[in-house]
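# Inside the fold
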Amino acid sequence: GAGVSQSPSNKVTEKGKDVELRCDPISGHTALYWYRQSLGQGLEFLIYFQGNSAPDKSGLPSDRFSAERTGGSVSTLTIQRTQQEDSAVYLCASSLNGLAQGDTQYFGPGTRLTVL
Amino acid sequence: KQEVTQIPAALSVPEGENLVLNCSFTDSAIYNLQWFRQDPGKGLTSLLLIQSSQREQTSGRLNASLDKSSGRSTLYIAASQPGDSATYLCAPNAGNMLTFGGGTRLMVKP
């Protein structure tokens, strides 16, 4: 079946602009995660959605970052007033249930964001 | 806060060698641990998931062991092939997120 998809695959923007990154999880997966992979920082957790529960936003680096998940499926990560340090690959993942149930996480191909 | 260390950071070997990639983590209160492979410019591919109650998990030429109490996991790759060249990441699961190590960049030469 289809895996996790993300769009766009690449995004180049100017400093100060807002960007939206999209994630389509695997159908039927209730849990969705966003991570960021940047040079020198490795892979960092950003936010976690589980069903209808309030999201775990503990990894968001600043209030310029926000995410929503509509209808328990598609998620959008929004970065406002982008800065050069936001340049990274943004990865989305999903799992059938939450990680506490011991499920495997499946990752999308990522969106490479470059802020000029 | 969970800290994950992977050793070595990079490894270059001739084809056919058996390999050992090491992962250590500071918080042993985990549900499971995943090993991933990442090819350049690509996302992550899950290789093995080993539950906290398990000691080992095998898939083909890959074998992962977990010693939760000592905060260590090891990925064994048997009879390495050039197609195994990639970055390997370990990620213990604390229940709401995976915490990733810096990875081991593997190059297998023909």
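Residues numbered from 1 in each chain as written. Chains lettered and ligands numbered in written order. Predicted model: local features only at pLDDT ≥ 70, side-chain atom pairs only at ≥ 80, totals over all residues. Heavy atoms only, no water.

## Here's the deal with the overall build of chain A
Heads up, the rule is: Think of it this way: any DSSP run of H or I at least four residues long counts as a helix, any run of E at least two long counts as a strand, and we number them from the N terminus. Atoms considered for the radius of gyration are the C-alpha atoms alone. The globule rule reads 2.2 Å times the number of residues to the power 0.38. A 1.4 Å probe rolled over the protein chains alone gives each residue an accessible area, and that area as a share of the maximum for its type sets the label: buried under 20%, exposed over 50%, partly exposed in between.
Scanning chain A from terminus to terminus reveals 0 helices and 10 strands. Computed over the C-alpha atoms, the radius of gyration of chain A is 13 Å, within 12% of the 13 Å expected from 2.2 N^0.38 for a compact globule of 116 residues. Along the longest, intermediate and shortest principal axes, the C-alpha atoms of chain A span 40 × 30 × 30 Å. By residue count, 47% of the 116 residues in chain A fall in the buried class.

## Quick notes on the side chain of A:Ser75
Counted only if it meets this: Two residues qualify as a contact provided that any one of their heavy atoms is within 4.5 Å of a heavy atom in the partner residue.
Mapped onto the secondary structure, A:Ser75 falls in strand E7 (residues 75–79). Leave out the neighbours within four places in its chain, and A:Ser75 touches A:Leu21, A:Arg22, A:Cys23, A:Leu32, A:Trp34, A:Phe49, A:Glu68 and A:Arg69.

## Considerations on the layout of surface pockets
Keep this limit in mind: Here a cavity means grid points, on a 1 Å grid over the protein atoms only, where a 1.4 Å probe fits yet cannot get out; a pocket means an open set of points with protein on both sides within 12 Å along at least five of seven lines; lining residues are those with an atom within 4 Å of a point. Grid points are joined across faces, edges and corners, and a volume is the space filled by probe spheres set on the points. Any residue that is not Ala, Val, Leu, Ile, Met, Phe, Trp, Tyr, Cys, Pro, Asp, Glu, Lys or Arg is counted as polar, Gly included; the first ten are nonpolar and the last four charged.
Estimates place the volume of the largest pocket at around 880 Å³. If you trace the largest pocket, you find 36 residues lining it, with A:Gln37, A:Leu39, B:Gln38, B:Gly41 and B:Thr87 closest to the centre. The computed volume of the second largest pocket comes to approximately 480 Å³. As for the second largest pocket, its lining consists of 21 residues, of which A:Leu43, A:Glu44, B:Lys1, B:Thr99 and B:Phe100 are closest to the centre. Classifying every residue of the lining of the second largest pocket by side-chain character gives 8 nonpolar, 9 polar and 4 charged.

## Let's talk about the state of the cysteines
Under the convention used in this document: For this text, the term disulfide refers to a pair of cysteine sulfurs within 2.5 Å.
Enumeration according to the criterion identifies 2 disulfides over all chains in this entry. One disulfide bridge connects A:Cys23 with A:Cys92, the sulfur atoms lying 1.8 Å from each other. Taking the torsion about the S-S bond as the criterion, the A:Cys23 to A:Cys92 disulfide, at about -65°, is left-handed. Of this pair, A:Cys23 sits in strand E3 (residues 19–24) while A:Cys92 sits in strand E8 (residues 88–95), placing them 69 residues apart in sequence. With a relative accessible area of 0%, A:Cys23 lands in the buried category. Linked covalently through their sulfurs, B:Cys23 and B:Cys90 form a disulfide whose S-S length is 1.9 Å. Disulfide B:Cys23 to B:Cys90: torsion about the S-S bond roughly 70°, handedness right-handed.

None of this, on its own, says anything about what the molecule does.
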